[in-house]
Amino acid sequence: MLAEIKGKVSRTGSNLSERLEDNLTGNVFGTLRYIPFIDGLGKVLANTVQELPDTVNLPDINSCIDHIKAQYWADVIEFWPYDKEGELDALLTFEDTMIGIEVKYLSGLSSVDETGSIPTELSKHQLVRESRIISRKGTQKNKILLFIADRQMCNDVMKRIEKSSIAAGVTLGFVSWQDFLHELKQLNGLDQFQQILIQDLIELLTRKGFENFIDMKVSNASFVNSDEYFNFVISNQVEISFTTNPLINEELYYEFNR
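Reference entry: report on the structure contained in this document. Predicted model only: the values in this text are computed from it and were never measured.

Reading the values: the criteria
- Residues numbered from 1 in each chain as written.
- Predicted model: local features only at pLDDT ≥ 70, side-chain atom pairs only at ≥ 80, totals over all residues.
- Heavy atoms only, no water.
- Helix = DSSP H or I, 4+ residues; strand = E, 2+ residues; numbered from the N terminus.
- Buried < 20%, exposed > 50% of the residue type's maximum accessible area, 1.4 Å probe, protein only.
- Contact = heavy atoms within 4.5 Å.
- Areas by Shrake-Rupley, 256 points an atom, 1.4 Å probe, with all protein chains shown as cover.
- Pairing = 2+ DSSP bridges.
- Right-handed = clockwise from strand over helix to strand, strands pointing away.
- Phe/Tyr/Trp six-rings, centres within 6.5 Å; stacked < 30°, edge-to-face > 60°.
- Arc of directions from axis to C-beta.
- Polar contact = N/O pair within 3.5 Å; in protein donor to acceptor, adjacent residues only side chain to side chain.
- Salt bridge = Lys/Arg side-chain N within 4 Å of Asp/Glu carboxyl O.
- Core = buried A, V, L, I, M, F, W, Y, C linked by side-chain atoms within 4.5 Å.

**Quick word on the overall build of the chain**
Across its full length, the chain carries eight helices and eight strands. Here the chain holds 258 residues, and 41% of them are scored as buried. Within the chain, contacts between residues at least 6 apart in sequence are counted, and of these 70% link residues at least 24 apart. Of the roughly 16,800 Å² that the chain leaves accessible, carbon and sulfur atoms contribute 49%.

**Some thoughts on the side chain of His125**
By the secondary structure assignment, His125 is in the loop between β6 (97-103) and α5 (126-138). If we skip the residues at most four places from it in the chain, His125 touches Leu109, Ser111, Val112, Asp113 and Ile161.

**Here's the deal with the pairing of strand β7 (residues 142-149)**
Counting buried positions along β7 yields seven of eight residues, so the element is predominantly enclosed. When β6 meets β7, the two strands line up parallel, connected through seven bridges. Of the residues in β7, the one forming a bridge with Val103 is Ile148. Looking at chain direction, β7 and strand β8 (residues 170-176) are connected through seven bridges and run parallel. In the sheet register, Ile144 faces β8, and the bridge partner there is Thr171. In the classification by handedness, the crossover that spans β7, the intervening helix α6 (residues 151-160) and the parallel β8 is right-handed.

**Comments concerning the packing of aromatic side chains**
Summed over the entire model, instances satisfying the criterion amount to eight aromatic pairs. Between the aromatic rings of Phe37 and Trp73, the centroid separation amounts to 5.6 Å while the plane-to-plane angle is 80 degrees, which identifies the pairing as edge-to-face. With Phe37 in the loop between α2 (21-32) and α3 (41-46) and Trp73 in the loop between α4 (61-66) and β2 (77-79), this pair connects stretches of sequence that are 36 residues apart. Note on accessibility: Phe37 and Trp73 belong to one class, buried. Consider the rings of Phe147 and Phe174, whose centres lie 6.1 Å apart with planes at 80 degrees: the pair is edge-to-face. Residue Phe147 is located in strand β7, and its partner Phe174 is located in strand β8; the two are separated by 27 residues in the primary sequence.

**Observations regarding the environment of Lys208**
Relative to the assigned elements, Lys208 resides in the segment after α8 (192-207). A relative accessible area of 16% places Lys208 in the buried class. Spatially, the C-alpha atoms of Lys208 and Leu24 are 9.5 Å apart, while their sequence positions differ by 184 residues.

**Examining α6**
Within the sequence span of α6, burial applies to Met153, Cys154, Val157 and Met158. Seen end-on, α6 carries its buried residues on one side only, within an arc spanning 130 degrees. Exposed and facing more than 90 degrees away from the buried side of α6 are Lys159 and Arg160. Its buried side turned inward, α6 meets β1 (50-51), α5, β7 and β8. Sitting at the head of α6, Asp150 places a side-chain oxygen 3.0 Å from the backbone nitrogen of Gln152.

**Considering the pattern of salt bridges**
Should their charged atoms come close, side chains of opposite charge can pair. For the structure on display, the rule yields five salt bridges. The salt bridge partner of Lys104 is Glu102, with a shortest N-O separation of 3.6 Å. With respect to burial, Lys104 and Glu102 carry one shared label: buried. As a salt-bridge pair, Asp179 and Arg151 come within 2.7 Å of each other at their nearest N and O atoms. Placement of the pair is Asp179 in helix α7 (residues 177-186) and Arg151 in helix α6, with a sequence separation of 28 residues. The partly exposed category is assigned to Asp179, whose relative accessible area is 26%.

**Quick word on the nonpolar core**
Among the nonpolar cores identified, the biggest contains 43 residues, and Phe29, Leu92, Phe180 and Leu184 are the most heavily contacted of them. Those residues in contact with Leu92 that sit more than four places away from it in its chain are Phe37, Leu41, Trp73, Val76, Ile77, Thr97, Met98, Ile99 and Ile101. Of all hydrophobic cores here, the second largest spans 21 residues; its members include Leu145, Val157, Ala167 and Val170.

Shown next as structure tokens:
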């Protein structure tokens, strides 16, 4: 619905498909607006974000998110805000923290740099451009850019992006849809109406193919009783007899001549 309201879906729906990332963005984050940030999206993000390694002198993303105690937050999120540098999928502006979100589903980044280190101000890399947006708009706030995509894509981008190219003061984090879905399943303490919303999102992301193997934990009690034993018996006996003294007729034989 939000994607259509914001003009991301044509009036006829001709560009609406299961591959449309804008529709996925609107469905997920539009739905989560109906749940207090500290009970919904805040918990999901705090447990899923992976930062670039060796990030120094930058605010820790998990700590920043943990300190956001917002209940109602529908008034702090913008969907697809325009900027000359590009278009983030969502921008959340809290009192002390700004969070930009870039969502990918099946497509890759819109632009990347050629190999080699490129200055931040000259980089055409989509995430670098978006980090410049957040750096400019975030002023004195903690500034965070989150890249949400399939786990494999997150890993690939994390390995290839130049840490030094991200705008100063902006912390880049990665969230896989697989982890996002897993954390949705862990949410608790919600009322019955909020649970319906979360269950809808779980089914949506599962249908998108983001369900994955997590661990070998078995929640059910063991069905083996160690105080009892197993008794194996053969119900049908089979006798096999080999005759060792066959009758031989000496008058019947074959003769071979060369």
